[in-house]
Amino acid sequence: MSPILRLSAVVAGLTALAAPALAQLDTRGILQPHGDVAAGDHADAIGVNPAGIGFGERFQLAYTYVGSDRDRVGQGHGAWLSLALAAPYTTGLGLEWLQLPGEQNSTPVKLSWSHALTLDPSIALGFTWSHFFADGEADALHSPLDGVDTVDVGFQVRPARWLAAGMTVTDLGAPLIGDQQIQRGYEFGLAVRPGTERLDATVQWRIEESDGDDPTVTWGAKLRWRFFKRFALLGRLDTTPDGGQRVMVGLADEGVAGAGLFWFAPDVTDDQLTGFAVTGRVRDRVEAMPSLLPRPLVAEVEVGSAAEYGVDGLIFPTARAPFLSLLRRLRHLETEDEVAAVLLAFTSDDIGWAQADELRASIARLRAAGKAVYAWLPVGDTRTYSVATAADRIYTTHAGGVLLTGIKSELTYLGTLLDRLGVEAQFVGTGAYKSAPETFTRRSPSPAARLQQDALLDGLYASTVAAIARGRGLKPQKVRALIDAGPYTAEAAEKAGLVDGVIHYDEFQGVMREAFGPRVSFVEAGGLLDRREARWGARPEIAVLYAVGTLVDGPSTSNILTGALTTGSETIARAAEQLRTDSRVAAVVLRVDSPGGSVTAADVMWRALARLAEEKPLIVSMGDVAASGGYYIAAPARTILASRDTITGSIGVFGGKFDLSGLYRGLGVETELFLRGERAALMSLERAWSEDERAAVAQSMNTLYGLFLDRVAAGRKNLDRRQVEPLAGGRVWTGAAARACGLVDRPEGLMTAIDLAAIAADIGDGEYDLLVAPGPGELGALPENPLGFGAAAWGVASRGVMGLLERFAAAPMAPTLPPALSRALALPVFQFTAGTPLALLPFVVE
């Protein structure tokens, strides 16, 4: 439903609830200096328009005192608290001590409980229940409101950056006081921001029902101007039912915790009657505001989890993207004027090769923006150290060091083991370089596989050496010599010029004072950047759609023991369709970090993404691995970006099964097949293929391979199928090599992909929200099988030694197996049933 239709429905509902009522008393409570039916969203909105707290922050606290020479309606003092417990729900409490006109000895208390629902980023609906009670027995004799309950309802809508509107119906139930009913009121407000978030102008009207007479109409206006950093001038004029005019003018501090002081005239027609108002307001986030007395800041950034995608929470699951959050944090620090330096604390070496390249690029942008960058590296391997070298200075701790030893890729072959077990691995692949089946069919790499591994490692090693040389000001041959002499203790690393100092983390206080003066201050980057969005209205969204882990048929899963993810065809297809039809989503970035998987799953995803690309810009950002099926699903994009060190390509298909007949004979197990149909036993584990059956499987693989080539050629406008074929056949490329041969368009990372998506959607820099997709499923997207086994584990999970070994390898005791065997049995190939056509990369590089 569109925002306009929702707004119409709410107005109609509120109007239908209203009925004529008598009117004598005002129950609205204290006159709020900041009160705004259309745009108020602090905790004190509880007393003005409860829908407003739905647009507020997670925690808000407000206090107001209003007084003058004599008691008038709207005077007294009160406090309000609002809490956003769980999206889209916010609740709030208010307590007000009121001064009623003519009742000097009566200060009734108003207790309010509010609830708000944010229906979408531009619409909120709320209601408040209030109960009045006397402040002691003496007040009970004088207060006509003692024991009265009222209900107010309201809504706010922010359809545009410069426009907000709201409506409140007060005293909806028209409760009785004696034989009279409290008057029902209708308040309408319209707020505009003429060209800047620093200036708000609001006009509001109130219509009060009357017994037998024409309704009473009053109006008001409010102007807020944030003229200097966190300070704002505020003025308001309100007419009263008796023809008077109330004026309030003052100055307010709009920081995280700020106060306001206002001159107050309850009636400007009486120049002898004056008063004042005081406010105090606290919220956990505010808009970006420079400090009054700025001091150089050192922003601390933890470089920890580099996971691409995950789901947190069981009751209220949320999708998270830790690596994207890290990149965005570094990007935002570029424009923080008060930040003089950024301190990167490396707490994990779980960083991929492509991620390392993206982080180096982000650090280079920080330095280009004039920020000094320091790296704290207690212990770092070659890959992590290559990231740290992009900083101005590197420090390690006394018990730390640099594990600078180079890079490796380890291939495991089970051919001999399977021969001894009497198991024959039967596979058919396309292309000499599609080497995944060699794990089960050979005892060592084929010449093509060896050539491919050497070329891949040569490319990654050269890139790493160049990055270290560039960062530390060394020649490449010197870096190679340092790598060959590694690893290094802290003192040895400092002596070799790999780090600039050996200190404890707390000693950075002295390092920064020496560099930036005694007034330097440390601040956690997350808290510094976690700010309130000043603008109104819903901004367009750029979605980042993640395809992480093995590609499988059906829904995505998450292994609750290891955290390993699979990306399901159903999940991606459903998410792509939602993004295609969501009017707020202007463009989509597909982030691929997958070695591939099921060809069928990849083709289902390809179709959904192709439909999406027909209507909205689709940009692909490749992570550490986007190979085989991972490249298949990237093909529909208009632009493909990959880091120089991304592993991609591997365009090819394979499939097969294990023949366990020899194993069964050795165990004394006999089987008898009863068949109807010449090829009924094609995927049976109890017998080997015939030549005819092998030929049939090979034909199927070739057909799927041809489809793969067609998908790539259709997406790569610069390549036809004839040009794609020499690049396929299972060949694996680094991102740099893929760019050179046309499989990748630009050697850039995720943030550049988001920038290009915004440009393609004609959205200004920073004028959008990021949406992480797919959203979490029920119970945090946990799989039906919590260990993440394949549906049939190649058909042997319950019938043979391979199944026993597989389960053993996946269990918590798996480290007791020889490392090579554990790695082999953890390969993604075991997630699929026998005969599943696969487009899958068989190795990783460490």
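Just so it is clear, the structure is predicted and the values come from calculations on it, not from any experiment. (Residues numbered from 1 in each chain as written. Predicted model: local features only at pLDDT ≥ 70, side-chain atom pairs only at ≥ 80, totals over all residues. Heavy atoms only, no water.)

**Considering the overall build of the protein**
So, step 1. Assigned secondary structure in the protein consists of 22 helices and 41 strands.
So, step 2. By the burial criterion, 54% of the 846 residues in the protein qualify as buried.
So, step 3. For the protein, contacts bridging at least 24 residues in sequence account for 66% of all contacts bridging at least 6.
So, step 4. Put simply, the protein shows about 35,600 Å² of open surface, and 56% of that area lies on carbon and sulfur atoms. (Helix = DSSP H or I, 4+ residues; strand = E, 2+ residues; numbered from the N terminus. Buried < 20%, exposed > 50% of the residue type's maximum accessible area, 1.4 Å probe, protein only. Contact = heavy atoms within 4.5 Å. Areas by Shrake-Rupley, 256 points an atom, 1.4 Å probe, with all protein chains shown as cover.)

**What to know about the pattern of salt bridges**
So, step 1. In total, this model carries 41 salt bridges according to the counting rule given.
So, step 2. Of the charged contacts in the structure, one is a salt bridge between Glu187 and Arg206, with a shortest N-O distance of 2.8 Å. Of this pair, Glu187 sits in strand 10 (residues 185-192) while Arg206 sits in strand 11 (residues 199-208), and the two are 19 residues apart along the sequence.
So, step 3. For Glu187, a relative accessible area of 11% corresponds to the buried category.
So, step 4. Of the charged contacts, one joins Asp419 and Arg443 as a salt bridge, the two residues approaching to 1.9 Å between their closest N and O atoms. Residue Asp419 is located in helix 6 (residues 415-421), and its partner Arg443 is located in the loop between helix 7 (438-441) and helix 8 (447-472); the two are separated by 24 residues in the primary sequence.
So, step 5. A relative accessible area of 52% places Arg443 in the exposed class.
So, step 6. A network of salt bridges, in which partner residues are shared, links Arg28, Glu187, Arg206 and Glu208. (Salt bridge = Lys/Arg side-chain N within 4 Å of Asp/Glu carboxyl O.)

**Details of the confidence of the model for the protein**
So, step 1. Residues of the protein with pLDDT of at least 70 account for 84%, and the chain-wide mean is 84.
So, step 2. Contacts of residues 778-815 to residues separated by more than four positions or lying in other chains number 71 contacts, the stretch itself having pLDDT below 50. (pLDDT = per-residue confidence, 0-100.)

**A closer look at the side chain of Ser594**
So, step 1. Along the chain, the position of Ser594 falls in strand 33 (residues 585-594).
So, step 2. Residue Ser594 is classed as buried on the basis of its relative accessible area, which comes to 0%.
So, step 3. A polar contact is formed between the side chain of Ser594 and the backbone oxygen of Gly549, at a distance of 2.6 Å.
So, step 4. Leave out the neighbours within four places in its chain, and Ser594 touches Ala547, Gly549, Thr550, Leu551, Val625, Ala626, Ala627 and Gly630. (Polar contact = N/O pair within 3.5 Å; in protein donor to acceptor, adjacent residues only side chain to side chain.)

**A word on the pairing of strand 2 (residues 75-86)**
So, step 1. Examined bridge by bridge, strand 1 (residues 59-68) and strand 2 share 8 bridges and lie antiparallel to one another. Paired with Leu61 across the strands is Leu81, a residue of strand 2.
So, step 2. Judged from the 10 bridges that link them, strand 2 and strand 3 (residues 89-99) form a sheet pairing that is antiparallel. When the sheet's bridge partners are listed, Gly78 is paired in strand 3 with Glu96.
So, step 3. In this antiparallel pair of consecutive strands, strand 2 and strand 3, the connection spans 2 residues. (Pairing = 2+ DSSP bridges.)

**Digging into the side chain of Glu358**
So, step 1. Inspection of the secondary structure puts Glu358 in helix 4 (residues 353-368).
So, step 2. Not counting chain neighbours up to four residues away, the residues in contact with Glu358 comprise Phe323, Leu327, Arg591, Met622, Gly749 and Leu750.

**Notes on unusual backbone geometry**
So, step 1. Cis geometry is found at the peptide bond from Gly486 to Pro487, where omega equals 5 degrees.
So, step 2. Mapping Pro487 onto the fold places it in the loop between helix 9 (476-484) and strand 26 (488-489).
So, step 3. Residue Pro774 is reached from Ala773 by a cis peptide bond, and omega for that bond is 0 degrees.
So, step 4. With respect to the element layout, Pro774 can be found in the loop between strand 40 (769-773) and helix 21 (801-810).
So, step 5. Unusually for a residue other than glycine, Ser628 sits at a positive phi of about 55 degrees.
So, step 6. Mapped onto the elements of the fold, Ser628 is located in the loop between strand 35 (618-627) and helix 15 (629-632).

**Focus: helix 9**
So, step 1. Listed as buried for helix 9 are Val479, Leu482 and Ile483. The buried residues of helix 9 occupy an angular sector of 100 degrees when the element is viewed end-on, so they sit on one face. Set apart from the buried face of helix 9 by more than 90 degrees, the exposed residues are Gln477 and Asp484.
So, step 2. Here the buried face of helix 9 lies against helix 8 and strand 26. (Arc of directions from axis to C-beta.)

**Observations regarding the sheet that holds strand 17 (residues 297-303)**
So, step 1. Strand order in the open sheet made by the 6 strands is 27-23-21-20-17-28, with parallel pairing throughout. What marks the edges here is a single partner per strand, and that holds for strand 27 (501-502) and strand 28 (521-524).
So, step 2. Bridge count for strand 17 against strand 28 is 4 bridges, and the pairing is parallel. For Val298, the partnering residue across the bridge sits in strand 28 and is Phe522.
So, step 3. Against the sheet, helix 11 (residues 508-516) makes contact with strand 17, strand 20 (339-346), strand 21 (372-376), strand 23 (393-396) and strand 28, and its axis sits at roughly 165 degrees relative to strand 21, the strand it touches most. (Axes fitted to C-alpha atoms, helices over the stretch in contact; angles between N-to-C directions.)

**Here's the deal with helix 14 (residues 599-615)**
In an α-helix there are 3.6 residues to a turn, and that puts residues three or four apart on one side.
So, step 1. Here helix 14 spans 25 Å end to end across 17 residues, near enough to the 24 Å set by a 1.5 Å rise per residue.
So, step 2. Along helix 14, the residues classified as buried are Val599, Ala601, Ala602, Asp603, Met605, Trp606, Ala608, Leu609, Ala610 and Leu612.
So, step 3. Capping the start of helix 14, Ser598 holds a side-chain oxygen 3.3 Å from the backbone nitrogen of Thr600, two or three residues further along. (Expected span 1.5 Å × (residues − 1).)

**Considering the nonpolar core**
So, step 1. Leu333, Leu344, Leu359 and Leu404 are the most contacted members of the largest nonpolar core, which has 64 residues in total.
So, step 2. Among the elements that take part in this core, helix 20 (residues 750-760) stands out by supplying 7 residues, more than any other.
So, step 3. Discounting chain neighbours no more than four positions away, the residues touching Leu359 are Val303, Phe323, Leu326, Leu327, Leu330, Ile351 and Val387.
So, step 4. Core analysis: the next-biggest nonpolar cluster, separate from the first, contains 55 residues, Leu590, Leu618, Tyr632 and Val712 among them. (Core = buried A, V, L, I, M, F, W, Y, C linked by side-chain atoms within 4.5 Å.)

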